[in-house]
Every structure is written in C-alpha cells, then in structure tokens.
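Overview (structure and organization)
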Amino acid sequence: MPENLADRRVRKTRALLRQGLIGLMREKSVQDITVKELCEACDINRGTFYLHYTDVAQLLHSIEDELLVEFERMLGVLTPETVLNSAAPSPAMRSMLELLAENEDLCRVLLCHSGDLAFVEKVKNIVHQRVFDAWGAQLRTQGCGADYAYAFIVSGCIGMLQYWLEQPQPMSPRNMAAIMENMIAKGVAGL
C-alpha cells in the first residue's frame with residue numbers, strides 16, 4: 001500500500017475516533033466510555049482501534065497532548081508587554097482564542113461543566129511554566145503576592161473561557177481576546 005494512502009487512512013481513523021470520543025463525552029464521563037461503544041459509535045473495528053491506542057484513556061491523552069502542544073507554542077509569545085501595551089488584542093492572545101474556537105467541541109468537553117479536571121490542571125501548569133516567570137517579575141515589582149496575582153489571572157481567564165465556550169453563539173475570538181486582555185490589564189493594574 002502506498003505510504004500516503006496509509007497515512008491518510010491513519011489520519012481518517014484518528015479523526016473518527018476523536019469525533020466519536022467527543023460525542024460520547026458530551027453524554028458521559030470518559031471513565032465510563034468503553035472501547036466497544038466508541039468503536040460502535042465510529043463504525044470501526046476494535047482491532048483497528050487497538051492498532052492506534054491501548055485504551056480510551058490513551059486516546060484522550062493523545063488528543064489532549066496535541067491541543068496542549070499547540071496551545072503552549074502560542075502561549076510562548078504572550079508576554080506582559082504584548083498584553084499590557086497593546087491597544088488591540090495581541091496577535092498571541094487572538095491566536096490562542098482562535099485555536100480554542102477551532103477546537104470548540106473538544107475544549108467544551110474538556111473545560112466546561114463535565115470537563116476533565118486533569119486537563120484544566122495541565123493548562124494551568126503550562127501557563128504557570130511558560131508565563132509566570134515573565135509575569136511574576138512584573139508583579140513582584142508592583143509589591144503584590146505574585147502567586148495570588150497569578151491564581152487570580154489564570155482562574156479568571158479559565159472561567160471566562162468556560163463561559164465563552166458554553167454560549168450558543170459565542171463572540172468572535174478577536175473580541176474575546178480583547179475582553180480578556182482588558183480584564184488582565186485592569187486586574188494587574190489594581191494590584
């Protein structure tokens with residue numbers, strides 16, 4: 001079989017499994033989803049599933065990791081200067097919100113009401129590792145508890161993202177980025 005055909009089949013199978021898992025996660029906890037019911041929902045053979053993943057948890061971690069890698073890449077260019085000194089939403093913040101909007105179905109099941117708390121903690125850890133050093137320096141110069149300010153900013157942003165994702169017709173990523181940056185700037189300025 002030609003290599004590009006095999007690659008296309010792998011991508012198609014993984015996309016089917018991703019959509020099937022997201023659909024089932026809308027109805028129930030990921031711990032309650034079996035390989036059998038996922039394969040039935042995707043109309044694929046269980047043997048095909050096991051060629052790619054050992055269990056449903058590994059599939060979920062693979063999907064999460066792909067999203068987190070992209071999120072972390074975009075987060076790397078988000079600095080206090082780009083947020084606090086930008087008249088419009090910064091390109092980095094706008095790109096992050098566009099990524100979430102493009103993956104709305106996945107983000108909704110991972111971040112919202114019946115979401116994956118472990119995933120939320122992974123997001124917080126990435127934000128802490130990639131941003132806290134830059135923001136921490138800024139916050140320490142303002143004489144406030146940097147840990148408290150960080151907790152305020154991250155929890156507030158995650159709460160705003162959850163609310164945004166739960167809306168039947170959410171505002172554009174650009175408008176949401178502008179609101180988030182404004183809130184961050186005002187919150188930091190208040191410290």
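Since we're looking at a predicted model, the values are computed, not measured.

Cut-offs and rules
Residues numbered from 1 in each chain as written. Predicted model: local features only at pLDDT ≥ 70, side-chain atom pairs only at ≥ 80, totals over all residues. Heavy atoms only, no water. Helix = DSSP H or I, 4+ residues; strand = E, 2+ residues; numbered from the N terminus. Expected span 1.5 Å × (residues − 1). Buried < 20%, exposed > 50% of the residue type's maximum accessible area, 1.4 Å probe, protein only. Arc of directions from axis to C-beta. Salt bridge = Lys/Arg side-chain N within 4 Å of Asp/Glu carboxyl O. Core = buried A, V, L, I, M, F, W, Y, C linked by side-chain atoms within 4.5 Å. Contact = heavy atoms within 4.5 Å. Phe/Tyr/Trp six-rings, centres within 6.5 Å; stacked < 30°, edge-to-face > 60°. Axes fitted to C-alpha atoms, helices over the stretch in contact; angles between N-to-C directions. Parallel < 35°, antiparallel > 145°, perpendicular 65-115°, else oblique. Left-handed = near helix turned anticlockwise from the far one by under 90°. Nonpolar A, V, L, I, M, F, W, Y, C, P; charged D, E, K, R; others polar. Patch = residues over 30% accessible without salt bridge, like charges linked within 9 Å, V, L, I, M, F, W, Y side chains within 5 Å. Areas by Shrake-Rupley, 256 points an atom, 1.4 Å probe, with all protein chains shown as cover. pLDDT = per-residue confidence, 0-100.

1. Some thoughts on helix H4 (residues 56-75)
Between the first and last C-alpha of H4 there are 28 Å, a value that for 20 residues agrees with the 28 Å anticipated at 1.5 Å per step. Within H4, the full set of buried residues consists of Val56, Leu59, Leu60, Ile63, Glu64, Leu67, Leu68, Phe71, Met74 and Leu75. For H4, the buried positions fall inside an angular range of 160° around the axis, keeping them on one side. Projecting away from the buried face of H4 at angles above 90 degrees are the exposed residues Glu66, Val69 and Arg73.

2. Remarks on the pattern of salt bridges
Taken as a whole and assessed by the stated rule, the structure comprises five salt bridges. Residue Lys28 is joined to Glu37 by a salt bridge in which the shortest nitrogen-to-oxygen separation is 3.1 Å. We classify Lys28 as partly exposed; its relative accessible area is 30%. Note on Glu37: relative accessible area 22%, which makes it partly exposed. In this structure, Glu121 and Lys124 form a salt bridge, with 3.9 Å as the shortest nitrogen-oxygen distance.

3. A look at the nonpolar core
If you look at the biggest cluster of nonpolar residues, it comprises 54 residues, and the most contacted ones within it are Leu21, Leu38 and Phe49. Within the residue set of this core, elements represented by two or more residues are helix H1 (3-27), helix H2 (35-42), H4, helix H6 (91-102), helix H7 (104-111), helix H8 (117-141), helix H9 (146-166) and helix H10 (173-189). The residues touching Phe49, leaving out its near neighbours within four places in the chain, are Leu17, Val35, Leu38, Cys39, Ile44, Thr54, Asp55, Val56 and Leu59.

4. Comments concerning the packing of aromatic side chains
Using the criterion set out here, one finds two aromatic pairs in the structure. Seen from their ring centres, Phe49 and Tyr53 are 5.8 Å apart, and the 45° between their planes marks the pair as tilted. Each member of the pair, Phe49 together with Tyr53, is buried.

5. Regarding the packing of H4 against H6
Packed helices, taken two at a time, are described by the angle their axes make and the gap between the axes. In the contact formed by H4 and H6, the axes pass within 9 Å of each other and the chain directions differ by 165°. Relative to H6, H4 is oriented roughly antiparallel. Judged by the twist between their axes, the crossing of H4 over H6 is left-handed. The segment H4 lies against H6, with Leu67, Glu70, Phe71, Met74 and Leu75 engaging Ala92, Ser95, Met96 and Leu99. A breakdown of the residues in the contact of H4 with H6 according to their chemical character gives seven nonpolar, one polar and one charged.

6. Brief notes about a nonpolar patch on the surface
Together, Met171, Ile179 and Met183 make up an exposed nonpolar region whose accessible area comes to about 260 Å². Here Met171 shows up in the loop between H9 and H10.

7. As for the environment of Ile179
The topology assignment puts Ile179 in helix H10. According to the relative accessible area criterion, Ile179 is partly exposed, its value standing at 32%. With 19 residues separating them in the primary sequence, Ile179 and Met160 have C-alpha atoms 9.4 Å apart. In this structure Ile179 touches Met160 and Met171, once residues within four positions along its chain are discounted.

8. Some words on the confidence of the model for the protein chain
Residue-level pLDDT values for the protein chain average 83, and 79% of them are 70 or greater. No element of the protein chain has a lower mean pLDDT than helix H5 (residues 80-84), which averages 64, and none a higher one than H2, which averages 96.

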